[in-house]
Amino acid sequence: SLVPAISWRQKARYDEGMLVRLLIVLATFVLGSGLSLAQERVWALDQSDAEVYLVFGVPETDDVGVSFWCTQQSGIVRLYFPESDPGLKPAVEVNFGLEVAAKTYPLKGKTAINEESAGTSLEAELKTTDPVFAALQTASHFAVKAGSTSHVFPLGEADFPTFLDVCGKP
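Rules used throughout
- Residues numbered from 1 in each chain as written.
- Predicted model: local features only at pLDDT ≥ 70, side-chain atom pairs only at ≥ 80, totals over all residues.
- Heavy atoms only, no water.
- Pairing = 2+ DSSP bridges.
- Helix = DSSP H or I, 4+ residues; strand = E, 2+ residues; numbered from the N terminus.
- Axes fitted to C-alpha atoms, helices over the stretch in contact; angles between N-to-C directions.
- Contact = heavy atoms within 4.5 Å.
- Buried < 20%, exposed > 50% of the residue type's maximum accessible area, 1.4 Å probe, protein only.

**Notes on the sheet that holds strand β8 (residues 141–146)**
Strand order in the open sheet formed by nine strands is β1-β2-β3-β4-β7-β6-β5-β8-β9, with antiparallel pairing between adjacent strands. For this open sheet the edge positions go to β1 (42–47) and β9 (149–154), each flanked by a neighbour on one side alone. The mean inter-strand angle of the sheet, taken between neighbouring strand axes irrespective of direction, is 25°. For β1 and strand β2 (residues 51–57), the ladder comprises six bridges, and the chain directions are antiparallel. From the neighbouring strand, Gln-47 faces β2, where its bridge partner is Val-52. Sheet contacts for helix α2 (residues 131–138): β3 (64–71), β4 (76–81), β5 (93–100), β6 (103–114), β7 (119–127) and β8; angle to β5, the most-contacted strand, approximately 35°.

Laid out in structure tokens, this is it:
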């Protein structure tokens, strides 16, 4: 025969190598799919009887990068970042910046402990007429700079016109 005979030991090593390769491929697939979930954040506009939410997160999960919410027709928007600088103390007012199109809008917010992540969250209150909202509607992204951290968020699908219309005073 032209095909060389292989010993049972060579076949066992070959089978073992194939099994290891298969396990590596499966592990990569499982870990990779978990990592891709973190990158599936999208903008969603949601409304209840009294409130409106514009959230950048993973649908059907607690994964939120940033959210804007208001009581309908109140003229006031609350801006919430679940993860800010972990070095910031909870329950204090802090100055931070929203950077939109190379301009920084100074804001004041209040920190709190994020019980889900044990990090520090940050919440601020703005009027629907604040100039930052006009900038957010024309920009491609914005950054939040609080303490020593900076988070960048895309704005592609963020429906600020509808959100602000429902939040604004009649």
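**Structural notes on the environment of Ala-146**
Tracing the backbone through its elements, the reader meets Ala-146 in strand β8. Residue classification places Ala-146 among the buried positions, given a relative accessible area of 2%. Along the backbone, Ala-146 and Gly-109 are 37 residues apart, and their C-alpha atoms lie at a distance of 9.6 Å. Setting aside anything within four residues of it in sequence, one finds Ala-146 in contact with Ser-84, Asp-85, Leu-88, Phe-96 and Leu-122.

**Points about the pairing of β9**
Consecutive side chains along a regular strand alternate between the two faces of the sheet. Strand direction decides the pairing type here: β8 and β9, joined by six bridges, are antiparallel. Considered in β9, the bridge of His-141 is made with Pro-154. Here β8 folds back onto β9 in antiparallel fashion, the turn holding two residues, of which Gly-147 has a positive phi close to 65°.

By themselves these figures say nothing about function.
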